[in-house]
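Breakdown of the fold
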Amino acid sequence: MLPHQQCDKKSKVLVFGAGNFGSCLADHLGDSSHIVFMWSRSENLVKHFNQHHRNPEVLQDHQFAESITAVGPEFPSPELVQQMDVLLFAIPTEGVRETLTALKPTLDEAKLPLLIFVNKGIEISTRALTLEIIADTCGPDIAKVATFISGPSFAKEIVKRQPTSVSVVSLSPSHAEQASQLFHQPWFRCYTGDDPIGVELAGALKNVYAIAAGMAAGLGFENNTRAMLITRGLAEMTRIGTAYGASPLTFLTLAGVGDLFLTCSSSTSRNYTVGYRLGQGEKLDHIIKTLGSVAEGVTTAKGLKAIVDELGVAAPIASGVYDVLYEGRAVEERANELLSLPPMSELDLSVEGGKPAKRLMAKLGLDG
Ligand SMILES: NC(=O)C1=CN([C@@H]2O[C@H](COP(=O)(O)OP(=O)(O)OC[C@H]3O[C@@H](n4cnc5c(N)ncnc54)[C@H](O)[C@@H]3O)[C@@H](O)[C@H]2O)C=CC1
Ligand SMILES: O=C(CO)COP(=O)(O)O
């Protein structure tokens, strides 16, 4: 196992969310000698974690770094927040607006901590990416320096220090650089970039295609079908992203094809598992109740449908997933419809547009 490199500068980090990814990243930073607080809404989790340095709900076999203190269940106090160098948000996208709204009054803009987001989704009621949620709740100046980490990174492999790489992006290159310095380790390699819209879209959309890949496996289809779904899914993601206003190249990064490949090929993925169980004939409500963790692709499929309709781009796989999740269509029947589509050009990126990204950039006071 590669050793953790200790850092010269100890940062104080508050992690919002003590689920799989929040506790895994808290551990990652705690192990490199940062002082880490982890907020959970569960009183039992907070007590248990502080006594045993184990998370009773997720990653149960892992012994967590001693330098992590769980806090909660009350929302973190202004005194605690104001001491922090870094705030790391590891909660599902549906909880980000509520959390930032509660946090905003305590943020001191003159001494703003580094704000890092790792959620991968689209807010269902507004179709907003997290960049927009940040602008709405905290203002454009804070959104402009927010940083996003995304890429192929299963929590349960990170805690075992399996070599992993992620994209670290922000509209502000210096903030992406700071976040990269904070997280980078020989076994957790960080690559910086400046297309948060593309990275966010890639991270959210790959979950929908992971559901499709799981459905195909659940129906009994094998490797050729998975490769087809990954490749056509990538073409579809890139087409949607380009029409949205993101760079098509972003879909070739760790946050794009890297994460798509990972989650479409492994039953470790919750989204893949949701699809697999649907393909095997289970009902969505039952799957969600028994999954024990969030599968962001389920809500994202709904937000994505609205985005695709607005953009007017072809997204047959995402539409198929939406129809199964929300229109009560049978997986096999909908899959047969997809397979019966006429032949088409393989690389159709000739989409005009970029309106949603221009709208979002205008909200931030930046040219689209
Ligand atoms: N698990 C993984 O390997 C990875 C997960 N992610 C992303 O990280 C985000 C979190 O995922 P996980 O930790 O795996 O999910 P999880 O289901 O294991 O944990 C979610 C955590 O967020 C908390 N939470 C839920 N709603 C909340 C709200 N409204 N306000 C405050 N806290 C709330 C839950 O109590 C729980 O502590 C998701 O967007 C996921 O796509 C990203 C990369 C890898
Ligand atoms: O995003 C992930 C790994 O990069 C986790 O995927 P799931 O949410 O499908 O488990």
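Residues numbered from 1 in each chain as written. Chains lettered and ligands numbered in written order. Predicted model: local features only at pLDDT ≥ 70, side-chain atom pairs only at ≥ 80, totals over all residues. Heavy atoms only, no water.

**Re the packing of helix α9 (residues 196-218) against helix α14 (residues 297-311)**
Packing of α9 against α14 brings their axes to within 8 Å, and their N-to-C directions diverge by 110°. It follows that α9 is roughly perpendicular to α14 by the angle criterion. For the pair α9 and α14, the contacting residues are Ala204, Leu205, Asn207, Val208 and Ile211 in the first and Gly297, Val298, Thr300, Ala301 and Leu304 in the second. For the contact of α9 with α14, a count of residues per class yields seven nonpolar, three polar and no charged. (Axes fitted to C-alpha atoms, helices over the stretch in contact; angles between N-to-C directions. Helix = DSSP H or I, 4+ residues; strand = E, 2+ residues; numbered from the N terminus. Parallel < 35°, antiparallel > 145°, perpendicular 65-115°, else oblique. Contact = heavy atoms within 4.5 Å. Nonpolar A, V, L, I, M, F, W, Y, C, P; charged D, E, K, R; others polar.)

**Examining the site of ligand 2**
Lining the immediate surroundings of ligand 2 are Lys120, Gly151, Pro152, Ser153, Phe154, Lys206, Asp259, Leu262, Thr263, Ser269, Arg270 and Asn271. Between Lys206 and ligand 2, the recorded distance is 2.8 Å, taken from a side-chain N or O atom to an oxygen atom. At 2.8 Å, a side-chain N or O of Asn271 approaches an oxygen atom of ligand 2. For ligand 2, the accessible surface in isolation is 310 Å², of which the surrounding protein chains cover 92%. Counting only elements with at least two residues in the shell around ligand 2, the list comes to α11 (254-264) and α12 (270-279). (Near = heavy atom within 4 Å. Polar contact = N/O pair within 3.5 Å; in protein donor to acceptor, adjacent residues only side chain to side chain. Areas by Shrake-Rupley, 256 points an atom, 1.4 Å probe, with all protein chains shown as cover.)

**Some remarks on the site of ligand 1**
Near ligand 1 you find 23 residues, and of these Asn20, Phe21, Ala155, Arg270 and Glu296 are the closest. Here ligand 1 loses 85% of its free accessible area of 830 Å² to cover by the protein chains. Those elements giving two or more residues to the shell around ligand 1 turn out to be α1 (20-31) and α4 (96-103). With three residues, the single largest contributor to the shell around ligand 1 is α1. The class makeup of the residues in the shell around ligand 1 is ten nonpolar, eight polar and five charged. Counting only domains with at least three residues in the shell around ligand 1, you end up with domain 1 (12-194) and domain 2 (198-351). (Domains from an automatic or database assignment.)

**Overview of the UniProt feature "domain: Glycerol-3-phosphate dehydrogenase NAD-dependent N-terminal" (unreviewed entry) in the protein chain**
The sites that UniProt annotates as "domain: Glycerol-3-phosphate dehydrogenase NAD-dependent N-terminal" (unreviewed entry) are residues 12-171. Taken end to end, residues 12-171 is 32% helix and 21% strand, and its two terminal C-alpha atoms sit 23 Å from one another. (UniProt positions renumbered as here; feature names shortened; annotations may be inferred.)

**Re the pairing of strand β1 (residues 12-16)**
The buried fraction of β1 is high, at four of five residues. As paired strands, β1 and strand β2 (residues 35-39) are joined by five bridges and run parallel to one another. Of the residues in β2, the one forming a bridge with Phe16 is Trp39. Following the backbone out of β1, through α1 and into the adjacent parallel β2, one traces a crossover that is right-handed. Both β1 and strand β4 (residues 86-89) contribute to a ladder of four bridges, which runs parallel. Within β4, the residue paired with Val13 across the bridge is Val86. (Buried < 20%, exposed > 50% of the residue type's maximum accessible area, 1.4 Å probe, protein only. Pairing = 2+ DSSP bridges. Right-handed = clockwise from strand over helix to strand, strands pointing away.)

**Section: the domain arrangement of the protein chain**
When its domains are assigned, the protein chain resolves into domain 1 (12-194) and domain 2 (198-351). For domain 1 and domain 2, the distance between their C-alpha centroids amounts to 26 Å. Listed per partner, the contact involves 25 residues of domain 1 and 32 residues of domain 2. Taken together, both faces of the contact between domain 1 and domain 2 bury some 2,200 Å²; the carbon and sulfur share is 67%. Sorting the residues of domain 1 by area buried against domain 2 places Ile122, Arg127 and Phe154 first, and these three jointly supply 30% of that buried surface. Counting every contact that joins domain 1 to domain 2 gives two salt bridges. With a closest N to O distance of 3.1 Å, Arg127 and Glu310 form a salt bridge. Here domain 1 is connected to domain 2 by nine residue pairs in polar contact (both at pLDDT 80 or more). Sorting the residues of the side of domain 1 that touches domain 2 by element identifies α5 (130-138), β6 (147-150) and β7 (164-170) as the ones contributing at least two each. The biggest single contributor to the side of domain 1 that touches domain 2 is β7, with four residues. Among the residues making up the side of domain 1 that touches domain 2, the classes are represented as eleven nonpolar, ten polar and four charged. (Buried area = accessible area lost by both parts, 1.4 Å probe. Salt bridge = Lys/Arg side-chain N within 4 Å of Asp/Glu carboxyl O.)

**Let's talk about the nonpolar core**
Counting residues in each nonpolar core, the largest one holds 82 residues, and the members touching the most others are Leu14, Leu87 and Ile197. Per-element accounting of this core gives the leading share, 15 residues, to α9. When we break this core down by domain, the ones giving at least three residues each are domain 1 (12-194) and domain 2 (198-351). Setting aside anything within four residues of it in sequence, one finds Leu87 in contact with Leu14, Phe16, Val81, Leu103, Leu107, Pro113, Leu114, Leu115 and Ile116. Of all hydrophobic cores here, the second largest spans 37 residues; its members include Met38, Val168, Phe188 and Cys190. (Core = buried A, V, L, I, M, F, W, Y, C linked by side-chain atoms within 4.5 Å.)

**Side note on α12**
The buried fraction of α12 amounts to eight of the ten residues, a majority that puts the element mostly inside the structure. Residues of α12 that are buried: Asn271, Tyr272, Thr273, Val274, Gly275, Arg277, Leu278 and Gly279. Where the residues of α12 are buried, they touch α9, α11, α13 (284-291), α14, α15 (316-326) and α16 (331-339). Sitting at the amino-terminal end of α12 is Ser269, which places a side-chain oxygen 3.2 Å from the backbone nitrogen of Asn271.

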